[in-house]
Amino acid sequence: MWTLQNPSQHVTTGGVISAALLHVLVARVSYHVRTILFSLKILLFEKKIKNDGTLLKPHSTIFKLLRKMEVADLQQQTRKNNVVITGIPVTTQENVYAILEKLASVLGVEYKGFDISTAHRLRQGSAVPGKNRVPPSIVVNFVSRLIKSIWLTARKHKKRLSASEINRNFPDHPVYMNDHLAHKGDFQRSGSR
């Protein structure tokens, strides 16, 4: 049976597809279907308004919305291999890669430095008076969606993950791992103005 320790083995001897590979395949198919549907909508829209050129002038609302949709799609495409990790406190002179190595050990995933393209902390957000300050998230860009999927699947199988499991000096706060999604709020707010 396929294990998280061996990402190169994708199929069991019985021909059953692994959960990680199935997740990647479903993601790829759904992405292509969304892309095709989006392209068809644009083509139909352009065909409908071809006779009236005023709608696609650079200052028109429709033109601006189309541009924002393109930008949002490009942002999401660039983040397809990214994961955001929240809940890990900041230390002085920290090494994000050492934190990821320890996290991999806790998750039971084989850590290979070359599987990670880049990793860094996001900037600290402004503190809200009277609220606890949340440590800035860590963004990890994996070299492939398969590796990303292996890490996310391992995190999903570990029901509770605490920062103290990564470093015993950290508080017992939960650690979360999620896809790094583009902010849709900016696009939605611009459409409602």
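Everything that follows concerns the structure shown earlier in this document.
Let us look at the structure shown here. (Residues numbered from 1 in each chain as written. Predicted model: local features only at pLDDT ≥ 70, side-chain atom pairs only at ≥ 80, totals over all residues. Heavy atoms only, no water.)

## Thoughts on the packing of aromatic side chains
So, step 1. Per the stated rule, a full pass over the model turns up one aromatic pair.
So, step 2. Residues Phe142 and Trp151 carry aromatic rings whose centres are separated by 5.3 Å and whose planes lie at 50° to one another, so their mutual orientation is tilted. An identical accessibility class is assigned to Phe142 and Trp151; each is buried. (Phe/Tyr/Trp six-rings, centres within 6.5 Å; stacked < 30°, edge-to-face > 60°. Buried < 20%, exposed > 50% of the residue type's maximum accessible area, 1.4 Å probe, protein only.)

## Remarks on the nonpolar core
So, step 1. Grouped together as the largest cluster of nonpolar side chains are 29 residues, with contacts concentrated most on Ile85, Leu100, Leu103 and Trp151.
So, step 2. The dominant element in this core, judged by the number of residues it contributes, is helix H3 (residues 96-107), at seven residues.
So, step 3. If we ignore the near neighbours within four places in the chain, the residues touching Ile85 are Leu100, Leu103, Ser137, Ile138, Val140, Val175, Tyr176 and Met177. (Core = buried A, V, L, I, M, F, W, Y, C linked by side-chain atoms within 4.5 Å. Helix = DSSP H or I, 4+ residues; strand = E, 2+ residues; numbered from the N terminus. Contact = heavy atoms within 4.5 Å.)

## A few points about the environment of Asn141
So, step 1. Mapped onto the elements of the fold, Asn141 is located in strand S3 (residues 138-142).
So, step 2. In this structure Asn141 comes out as buried when scored by relative accessible area, which is 17%.
So, step 3. Sequence separation of Asn141 and Asn82 is 59 residues, and the distance between their C-alpha atoms is 4.4 Å.
So, step 4. Among residues more than four places away in sequence, those in contact with Asn141 are Asn81, Asn82, Ile116, Ser117 and Thr118.

## What about the side chain of Ser162?
So, step 1. As for its placement among the helices and strands, Ser162 is situated in the loop between helix H4 (145-157) and helix H5 (163-166).
So, step 2. Of the residues examined, Ser162 reaches a relative accessible area of 3% and is grouped as buried.
So, step 3. In this structure the side chain of Ser162 is engaged in a polar contact, spanning 2.9 Å, whose partner is the side chain of Ser164.
So, step 4. Those residues within four positions of Ser162 in sequence are excluded, and the remaining contacts are Pro171, Asp172, His173, Pro174 and Val175. (Polar contact = N/O pair within 3.5 Å; in protein donor to acceptor, adjacent residues only side chain to side chain.)

## Some details on the layout of surface pockets
So, step 1. There is about 230 Å³ of room inside the second largest pocket.
So, step 2. Gly87, Arg133, Val134, Pro135 and His173 are the residues nearest the centre of the second largest pocket, which is lined by twelve residues in total.
So, step 3. Residues that form the lining of the second largest pocket fall into these classes: six nonpolar, five polar and one charged. (1 Å grid on protein atoms, 1.4 Å probe; cavity = no way out; pocket = protein on both sides within 12 Å on 5 of 7 lines; lining within 4 Å. Points joined across faces, edges and corners; volume = space filled by probe spheres on them. Nonpolar A, V, L, I, M, F, W, Y, C, P; charged D, E, K, R; others polar.)

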